[in-house]
Structure formats: structure tokens, C-alpha cells
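Residue strings, one per chain:
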Amino acid sequence: MKSTHLSLIAGAAVLAAVTGFATVTAPGAPAEPAAKSAALLPVERAGLVCPAPSNSDLAETQYTAFTPAGEGGEAKGTAELKPALPIVDDEDETDPKKAKKAEEAAKKAKAKAEKPVLAVKEPGKPVVAEANGSSAPALVGTATGKLAPGWTAQQTTEVTAGGSRGLLGVTCTAPDTDFWFPGASTAKSRQDYIHLTNPDDTGAVADIELYGPEGALKSDVGDGITVPARSSVAVLLSTLTAEAVDQLTAHVTTRSGRIGAVVMSADDSAGSDWITASEDPSGTLVMPGIPADATSVQLVAFAPGEDDADVKVQLMGKNATFSPAGNATLHIKSSMTASADLKDLTRGEPGSLRLTPVRKDRATPIVAALRVVRGKGDKQEIAYIPATGAVGARATVPDNRAKGSTLSLTAPGATAKVKVTASAGSGGGEPAVETYTVKAGTTLAVTPKAPEGLKGSYALTVETTSGGPVHASRSLALASDGVQMFTVQTLPDDRGMVEVPSARQDLSVLED
């Protein structure tokens, strides 16, 4: 009798560090809790996409990319963002000269797309690039090895005049297949474009559904939107339906492939900014970082399931948690968008909004976002704060300036302590570290300590050291012609580390 033993040694650890979670168990063996043998390892690969910054010729954009310093990861690595490919529609071109010209242009664009716009060289130091006008492209990129854990990028655009006036900031997003955008609009006073960016080498197909206060909006053109490989498509929401709805929820899913999705919202009277996706549907949501001088705050929420939701609306202020007068609760009908005008609820103090179920035994999952206005009359400016996950172990936001940055920290549960690290500047400067205590049920707004000898911009990294959870956002403000332009970015966990269960048993095959 001949016996051969084939030992399956786990490549699971490597796979999980790249893609998430993996386990190997022998057939018939009893299942064991993964936590018993799980190791925390740095991710080895990360992807990001950034939308085209603006359609205004007056736009001035700064890109910033950063990987926080930390232990772990491979000794080497790359982190590059490159231009997306333009979409060329020449299939019906019959003129040979025009067809050849289009082919040559496509070749040049492809060659240009191979040159990085931003390339992080080392952890702990941000890199920046600039682009002006309406021709700045969307970006797609990948980080590997030691530059992958916590890799993040931000684009900040200043438009001083026209329909897109404002300070528009957006954290570049990881590609996914499902996005919720409460607070979008098809109203005549709004120009809301949803940007779909495909980072992969094969095409993606996306669907867009719109839900207003009365339910789904009729649309025949929101299904089957093709997003070519390594390209970006911008869709004006008002072209998807004949219904003009001031506050609605947009839902983006993919039939095939992955995309990054964000909404650029421009209001005729209140400026413009990006709307990023809400945290996945949950019974409890937190929207951190309402500015102390907000003149108007509007809550928009949506219940995607079959059940209605009844939620408590609470402001976590500087010293305590309380419900806004007249808006202590909000009823959200299934598949219908609900909103509440919270006016100037912060009244001179910073705050964060928390939504919790009225009945703990009926925690209906919802998504939500805030539309925040600063200023009045023709001096108004808007920003959006989506519901976001907790900071967790670590979260980072790039592109902080010597002036104008405010970090908001809120602890909806227990009192927590956080460590905040200001990185070296993109052009020079020494990192600075501060520790803050955030009392339970309150919001702490601080002006971060900038790096010593700062030149350029810097990144802020927030780490929860005890207590918690903590939710955070960063507001960046810039005054222009009497308008306090601003934008708000949330800081969810960067997921730079993943739990990787080790193989618990060799698998052997006996062959006679």
C-alpha cells in the first residue's frame, strides 16, 4: 500500500490581509470561534478613486495623499493615483480622418493615464499636487505593501464665483457595490451630479434609484449605466426623472464590477459641496461636527427595509445631550425619504447629531445625512455631514492647513480618550501629538496643533486609546469675499488592519 500525505498549509493569512477574512477547517472538524486564533495584520493592498473635481473653469484643486506612519506591512510598497481614462465614443464614426484622430487622442490619453498625479513615497509624509480648471480628471489608484495600511487621499477645490461657488472637499473613496446618498435633490434650484468612477480594467454596470417623500421616483433611464474600465461617468440626477424633489435619497448599486460613487451638489443660492455616502443602514447613526455658527441644519433620513422607523433625534453638544425643541423624534416610512428642519440648533456651540430607535426592540436600519448652512442671504455656504462609523483603532484626514481646520470629536457612549497626531507637512515640519478626553454624550471641537515649522499641508490621524467609541469629522474653512466657505469630512476607521485567523489544522489526503 502506498500512502501520500498532502499538507495544505494556510495561504489564508496572506489572502485575508489583502481581501479580508479567510479560514481553513478540516472536513468534519468542529467549528471553533475565529477570535481564538485570529491575528491582527496590516492590509497589503488598498484602492481609491477620486471624482473629477469640478466643471468650472475657475476651479482650483489641491490633491493630497497620505499613509500614516506605523508598524507592519511589507518593507516596500507603492501608492499612486493616476488619471482616469476619458470616454471616447467613436464607434459610429465613418470619416477615416476623424476616426484616426480619435484613435490617436485615445492613445495619448492612455499614455498620460500611466503617469501618477500623486505618489506617496514614505509613510508619515503627505504629498500634494494641483490642478486648475474644468479639465482636471478623475483619479484611480492602488497602494501596496507598507504604503497600503491607512492610505487615504483628499481633493479640495475652491470655486470663487458662478453656480459651483464654494469650497468643495471630498475624501477619495474605496470602490464598492452599494451606496446611499440622503440629501440629494432634483429640484430646479439644484444641480446634483452623481459621479461613478470605475478603477478596474473591466467595465462596470450601475443602477441609480431615487426615493422622495412619497416613495420611489419614476425613472426609465437610471438602470444599466455603463462605466467603462478605468473611467468616470457623471450623471445629472434631474435627467433621470421628470419629478422635481427638493430632498431625496439616491441609491447606487452595481450589477457587475465595482465603482466609487459621490454626489456633487450645487445650490443656486447656497454654494456647493460633495455629498459622500452614508454609513451602511443601521438602527443607530451619528453625524459628527456641526459647526457652532451653523445658521441652518436639515436632517434627511431614509428607511430602506420593509419596516417604518421611529427614531430619537438628539444633539450631543459641548456639555450634554438633548433633543431639539419640536424635533425630539422623527418617523420615517419604509422606502420614503423623511426630513426635519432643525434650524440653528447648535446656537453658538459645536455639536453632533445622534439617531437612536425610540423602541430598543425595533431598531429599524436607516441611512441619514445633514445639510448644514453657514451664513445668511447671498453669503451662505453649504456642506454635508453623512452618518459615519466610529474612528475605531485609527482614522486619518489629509489636507489640513495652518489656519481653518477644526477637528470635532464626539463620544455617544462612554467617555473616551484619543490621540491626535499632526503629520509632518508636505513641504516640511515636525509631527505634533496631542491627547484629548471626550466626555460621554458630548462633542469636543478643537483647533489641531499644527506641526512645528509647518510648510504646506498636513494630515491628522486620530486613534482611540481608551473608552469609546468616538466619531469624528474635520471642518476646513476658507474666507472669500465675505463668504465663510467650508467643507466637512468624516473620519471612519481606515481599516488598515484586518483580523486574520491562522490555519488550525493540516488537511491530509491518503491515496492508496
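Residues numbered from 1 in each chain as written. Predicted model: local features only at pLDDT ≥ 70, side-chain atom pairs only at ≥ 80, totals over all residues. Heavy atoms only, no water.

Draft legend 1. Focus on the environment of Thr421. Among the structural elements, Thr421 can be located in strand β30 (residues 416-422). As a C-alpha pair, Thr421 and Ala459 span 38 residues in sequence and 8.1 Å in three-dimensional space. When neighbours within four sequence positions are excluded, Thr421 is seen to be in contact with Ala432, Val433, Ala459, Leu460, Thr461 and Glu463. (Helix = DSSP H or I, 4+ residues; strand = E, 2+ residues; numbered from the N terminus. Contact = heavy atoms within 4.5 Å.)

Draft legend 2. Up close: the layout of surface pockets. Taken as a whole, the second largest pocket spans an internal volume of roughly 450 Å³. In terms of lining, the second largest pocket is formed by 27 residues, of which the most central are Pro68, Ala69, Gly70, Arg394 and Glu463. For the lining of the second largest pocket, the elements supplying multiple residues, two or more each, are β30 and β35 (458-467). Looking at the lining of the second largest pocket, the element that brings in the most residues is β30, giving three residues. For the lining of the second largest pocket, the class distribution of residues is eleven nonpolar, eight polar and eight charged. (1 Å grid on protein atoms, 1.4 Å probe; cavity = no way out; pocket = protein on both sides within 12 Å on 5 of 7 lines; lining within 4 Å. Points joined across faces, edges and corners; volume = space filled by probe spheres on them. Nonpolar A, V, L, I, M, F, W, Y, C, P; charged D, E, K, R; others polar.)

Draft legend 3. Looking closely at the sheet that holds strand β15 (residues 232-236). Overall, antiparallel pairing links the four strands, which are arranged β15-β11-β17-β18 in an open sheet. Two strands lie at the open edges of the sheet, namely β15 and β18 (271-275), each paired on one side alone. Averaged over neighbouring strand pairs, the angle between their axes works out to 20° when direction is ignored. Looking at chain direction, strand β11 (residues 190-197) and strand β17 (residues 260-267) are connected through eight bridges and run antiparallel. Bridge assignment links Asp192 to a residue of β17, and that residue is Ser265. (Pairing = 2+ DSSP bridges. Axes fitted to C-alpha atoms, helices over the stretch in contact; angles between N-to-C directions.)

Draft legend 4. Looking closely at the state of the cysteines. One pass over the structure, following the stated rule, counts one disulfide. Paired through a disulfide, Cys50 and Cys172 show a sulfur-sulfur distance of 2.1 Å. Note on the Cys50 and Cys172 pair: the S-S dihedral is about 105°, so by sign convention the disulfide is right-handed. Taken together, the positions of Cys50 in strand β2 (residues 45-50) and Cys172 in the loop between β9 (166-171) and β10 (178-184) put the pair 122 residues apart, joining distant regions of the chain. Exposure class is identical for Cys50 and Cys172. Each is buried. (Disulfide = S-S within 2.5 Å. Buried < 20%, exposed > 50% of the residue type's maximum accessible area, 1.4 Å probe, protein only.)

Function cannot be read off these values alone, since they describe shape.
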